[in-house]
Amino acid sequence: MKEKILHIIDTIGLFDTPKILGISMYKVIHLIGGVENLTFNQRLRFITDFTKEVGGVSFGEMDYDPIRLKSNDEGYHEITYLGSQKAIVEVWEGPDFFDSAGEYGISYYNLPDDIFNEIFDLLVEFYYKTYNEDSL
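Residues numbered from 1 in each chain as written. Predicted model: local features only at pLDDT ≥ 70, side-chain atom pairs only at ≥ 80, totals over all residues. Heavy atoms only, no water.

Engineer: What exactly am I supposed to notice about the packing of helix H4 (residues 40-54) against helix H6 (residues 113-130) here?
Structural biologist: Between two packed helices, both the angle of their axes relative to each other and the distance between the axes serve to describe the pair. Running from N to C, H4 and H6 point in directions that differ by 45°, and their axes come no closer than 10 Å. Considered as vectors, H4 and H6 are oriented oblique to each other. When the axes of H4 and H6 are compared, the crossing they make is left-handed. For the pair H4 and H6, contact is made by Phe 40, Arg 43, Leu 44, Phe 46, Ile 47, Phe 50 and Thr 51 and by Phe 116, Asn 117, Ile 119, Phe 120, Leu 123, Val 124, Phe 126, Tyr 127 and Thr 130, respectively. (Axes fitted to C-alpha atoms, helices over the stretch in contact; angles between N-to-C directions. Helix = DSSP H or I, 4+ residues; strand = E, 2+ residues; numbered from the N terminus. Parallel < 35°, antiparallel > 145°, perpendicular 65-115°, else oblique. Left-handed = near helix turned anticlockwise from the far one by under 90°. Contact = heavy atoms within 4.5 Å.)

Structural data, given as structure tokens:
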């Protein structure tokens, strides 16, 4: 069963797999033995497909706090928006980092693994909320 579902995910993507199988996202993930059995490319395709479907999504829309990417004496960088090709990072500077210094995009390929995986996990949870999987 696990291999069949992973093949379906490879073919149509994780985003559409629950719809095709008529089961919840969490059930799909359970049947494959957890998210650790998904490849980077399968996770990336889910992020891409989901953000294309909803037109990108901000952390505010998802009701989550932005994810800290890095901070140092020169600025505080946090991911605030997820697009289909890249994450948008806002930069804050000045005393207590209250002054906006602009934003930039970063490819999902260039994110540290832990941050990429956190984004994936948050989007899976948001998928669950968006598609009200309780009804499946």
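Engineer: Is there a simple way to think about the packing of helix H1 (residues 2-12) against H4 in this case?
Structural biologist: Running from N to C, H1 and H4 cross one another at 50°; their axes reach a closest spacing of 10 Å. When the axes of H1 and H4 are compared, the pair comes out oblique. H1 and H4 meet at a crossing whose hand is left-handed. Residues Leu 6, Ile 9, Asp 10, Thr 11 and Ile 12 of H1 lie in contact with H4, whose contacting residues are Gln 42, Arg 45 and Asp 49. Its residues placed into classes, the contact of H1 with H4 shows three nonpolar, two polar and three charged. (Nonpolar A, V, L, I, M, F, W, Y, C, P; charged D, E, K, R; others polar.)

Engineer: Looking at this structure, how should I read the pattern of salt bridges?
Structural biologist: Between side chains of opposite charge, pairing is possible as soon as their charged atoms come close. Counted according to the given criterion, the structure contains three salt bridges. The salt bridge partner of Asp 16 is Lys 19, with a shortest N-O separation of 3.5 Å. Between Lys 129 and Glu 125 there is a salt bridge, and its shortest N-O distance comes to 3.8 Å. Of this pair, Lys 129 and Glu 125 both sit in helix H6, four residues apart, which is roughly one turn of that helix. By relative accessible area, Glu 125 is classed as partly exposed at 32%. (Salt bridge = Lys/Arg side-chain N within 4 Å of Asp/Glu carboxyl O. Buried < 20%, exposed > 50% of the residue type's maximum accessible area, 1.4 Å probe, protein only.)

Engineer: Is there a simple way to think about the nonpolar core in this case?
Structural biologist: If you look at soluble globular proteins, the nonpolar side chains tend to sit buried side by side. Membership of the largest hydrophobic core comes to 36 residues, with the highest contact counts inside it found for Phe 46, Ile 79, Leu 82, Tyr 108, Leu 111, Ile 119 and Leu 123. Breaking this core down by element, the ones donating at least two residues are H1, helix H3 (25-31), H4, helix H5 (59-62), strand S2 (67-72), strand S3 (75-82), strand S4 (86-93) and H6. A per-element tally of this core places H6 first, with nine residues. Leave out the neighbours within four places in its chain, and Ile 119 touches Ile 47, Ile 67, Ile 79, Leu 82, Tyr 108 and Leu 111. (Core = buried A, V, L, I, M, F, W, Y, C linked by side-chain atoms within 4.5 Å.)

Engineer: Any chance you could explain the pairing of strand S5 (residues 99-107) here in plain terms?
Structural biologist: Each regular strand carries side chains that alternate between the two faces of the sheet. Direction of pairing for S4 relative to S5: antiparallel, over a ladder of seven bridges. Residue pairing in the sheet places Trp 92 in a bridge with Ser 100 of S5. Counting the residues in the hairpin turn of S4 and S5 gives five residues, including Gly 94, whose phi is positive at 85°. (Pairing = 2+ DSSP bridges.)

Engineer: I would appreciate a short explanation of the packing of aromatic side chains in the present structure.
Structural biologist: One pass over the structure, following the stated rule, counts 11 aromatic pairs. Taking 5.9 Å as the distance between ring centres and 5° as the angle between the ring planes, the aromatic pair formed by Phe 46 and Phe 50 counts as stacked. Here Phe 50 and Phe 46 lie together in helix H4, a separation of four residues that amounts to about one turn. Residue Phe 50 is classed as buried on the basis of its relative accessible area, which comes to 0%. A network of ring pairs unites the aromatic residues Phe 15, Phe 46, Phe 50, Phe 120, Phe 126 and Tyr 127 as a single cluster. Here the basic side chain of Arg 43 rests over the ring of Phe 120, its NZ or CZ set 5.4 Å away from the ring centre. (Phe/Tyr/Trp six-rings, centres within 6.5 Å; stacked < 30°, edge-to-face > 60°. Lys NZ or Arg CZ within 6 Å of the ring centre and 35° of its normal.)

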